[in-house]
Amino acid sequence: MTNRSGSSWRDPRLGAVKEVELPSGTVRYHETGTGPPLVFVHGYLVNANLWRALVPLLSPGFRCVAPDWPLGGHLVPMRRDADLTPPGMAAVIAQFLEALDLTDVTLIGNDSGGAYSQIAATTYPGRIARLVLNSCETPECSWPPGPGGFGLLKATAAHPATYRALYQALRIRRTWRWRNTYGWLAKYPIDTRAMESFIGPVLTDPAIRHDGRKAIGSVSARYSREAAARLTDRFAKPILLAWAAEDRVFPLAHARRFAERLDAPLKTIPDSYAYTAEDQPAKTAAVIGEWVRQLL
């Protein structure tokens, strides 16, 4: 059983807790390190804690900025009328970069955060200098992804009651390793405090459920495919695909074809599922850090 205190925990390695007011609402974020900025974009029903083991490995050479994006694992609700569709989330990312006056940004997106990052990079490219796609949607993927049965997430978002009911099972810890929860995203069990922070807000706060339902209920592969098609002509900047070698949700074969299409390097991270920052933070940090440093 999760609780509110578990929901609010963030790993201190992520750095100082800060907030910024955007047109869509307040976004809480964590910042540590100095140097060229890395901005992390997580996916649905997680938060900045996804990066808790990765950030301290990169912060000696980079300014690491890890927000809690309004995707169900956040603590501060957005404005009731906030646009949390994929284009709306891309706008939130762009507004965040502008509000912090971040330039020459390396945007790092994992899971559906990679889809949002592709949309942001092709719609608002000005402040983004490099893009890291870390086990996420490709043009061959559905959104929500088909493997694992994640399509149910969007289907139940059609009504508040079905959406609320879906997540009650997560109060039982053994469900955390089911393939349609987190079992196919992280190869190894995620520690309890992080898991409670991921699922607690959507279980306990109706306003957070409202945000999460809007976000997952509006996703569609048409958005990610349109963005992927525009990457070659609207984002003529370096792109890296950093992929889990054993990804069960975003197949490595899809990543290989996407990398060829983008003429971008593909680096694989062994012994990991999609959450490479969870399963293999040191190897993920090495792949991302080495690539960014070569470009600076």
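Read on for an overview of the structure. The model shown is predicted, which means the values in this text are computed figures rather than measured ones.

## Here we look at the overall build of the protein chain
A tally of regular secondary structure across the protein chain gives 13 helices and 8 strands. The C-alpha radius of gyration computed for the protein chain amounts to 17 Å, which stays within 12% of the reference 19 Å derived for 296 residues, consistent with globular compactness. Dimensions of the protein chain, computed from C-alpha atoms along their principal axes, come out at roughly 45 × 35 × 35 Å. Accessible surface computed for the protein chain: about 10,900 Å², of which carbon and sulfur atoms make up 52%.

## Thoughts on the environment of Asp 271
For Asp 271, the position within the fold is in the loop between β8 (266-269) and α12 (276-279). Ignoring sequence-local partners within four residues, the contact set of Asp 271 consists of Lys 187, Tyr 188, Glu 246, Asp 279 and Gln 280. Among the polar contacts made by the side chain of Asp 271, one reaches the side chain of Gln 280 at a distance of 3.0 Å.

## Things to note about the side chain of Gln 280
Looking at where Gln 280 falls in the secondary structure, it is placed in the loop between α12 and α13 (281-295). Note on Gln 280: relative accessible area 12%, which makes it buried. Here Gln 280 is in contact with Tyr 188, Ile 269, Pro 270, Asp 271 and Ser 272, once residues within four sequence places are set aside.

## Comments concerning the nonpolar core
Counting residues in each nonpolar core, the largest one holds 100 residues, and the members touching the most others are Phe 40, Phe 96 and Leu 241. Sequence-distant contacts of Phe 40, defined by excluding residues within four places in its chain, comprise Trp 51, Leu 54, Val 55, Leu 58, Cys 64, Val 65, Ala 66, Pro 67, Trp 69 and Ile 108.

## Observations concerning the packing of helix α4 (residues 112-123) against helix α10 (residues 221-234)
Axis separation between α4 and α10 bottoms out at 8 Å; the angle between their running directions is 45°. The orientation of α4 with respect to α10, classified from their angle, is oblique. As for the relative orientation of α4 and α10, their crossing is left-handed in sense. Mapping the contact onto sequence places Ala 115, Gln 118, Ile 119, Ala 121, Thr 122 and Thr 123 in α4 and Tyr 223, Ser 224, Ala 227, Ala 228, Arg 230, Leu 231 and Arg 234 in α10. Looking at the contact of α4 with α10 residue by residue, the classes come out as 7 nonpolar, 4 polar and 2 charged.

## Some details on the side chain of Glu 278
Looking at the secondary structure, you find Glu 278 in helix α12. Here Glu 278 is in contact with Asn 49, Leu 50, Arg 52, Ile 190 and Phe 198, once residues within four sequence places are set aside.

## Concerning the packing of aromatic side chains
Summed over all chains, the structure comprises 6 aromatic pairs. Measuring from ring centre to ring centre gives 5.3 Å for Trp 69 and Phe 96, while their planes differ by 70°; the resulting arrangement is edge-to-face. Remark: Phe 96 occurs in helix α3 (residues 86-99) and Trp 69 occurs in the loop between β4 (63-67) and α3; sequence separation between them is 27 residues. The exposure class of Trp 69 is buried, given its relative accessible area of 0%. The class for Phe 96 is buried, based on a relative accessible area of 0%. Ring centres of Tyr 116 and Trp 143 lie 5.3 Å apart, and the angle between their planes is 70°; on these two criteria the pair is classed as edge-to-face. With a gap of 27 residues between them, Tyr 116 in helix α4 and Trp 143 in the loop between β6 (128-136) and α5 (151-156) connect regions that are remote in the sequence. A single burial state applies to Tyr 116 and to Trp 143, both of which are buried. By way of ring pairs, the aromatic residues Tyr 29, Trp 69 and Phe 96 are connected into one cluster. In this structure, Arg 179 packs its charged tip against the face of Trp 184, placed 5.4 Å from the ring centre. Residue placement shows Arg 222 over the ring face of Tyr 223; its charged tip is 4.2 Å from the ring centre.

Cut-offs used in this document
Residues numbered from 1 in each chain as written. Predicted model: local features only at pLDDT ≥ 70, side-chain atom pairs only at ≥ 80, totals over all residues. Heavy atoms only, no water. Helix = DSSP H or I, 4+ residues; strand = E, 2+ residues; numbered from the N terminus. Rg over C-alpha atoms; globule rule 2.2 N^0.38 Å. Areas by Shrake-Rupley, 256 points an atom, 1.4 Å probe, with all protein chains shown as cover. Contact = heavy atoms within 4.5 Å. Polar contact = N/O pair within 3.5 Å; in protein donor to acceptor, adjacent residues only side chain to side chain. Buried < 20%, exposed > 50% of the residue type's maximum accessible area, 1.4 Å probe, protein only. Core = buried A, V, L, I, M, F, W, Y, C linked by side-chain atoms within 4.5 Å. Axes fitted to C-alpha atoms, helices over the stretch in contact; angles between N-to-C directions. Parallel < 35°, antiparallel > 145°, perpendicular 65-115°, else oblique. Left-handed = near helix turned anticlockwise from the far one by under 90°. Nonpolar A, V, L, I, M, F, W, Y, C, P; charged D, E, K, R; others polar. Phe/Tyr/Trp six-rings, centres within 6.5 Å; stacked < 30°, edge-to-face > 60°. Lys NZ or Arg CZ within 6 Å of the ring centre and 35° of its normal.

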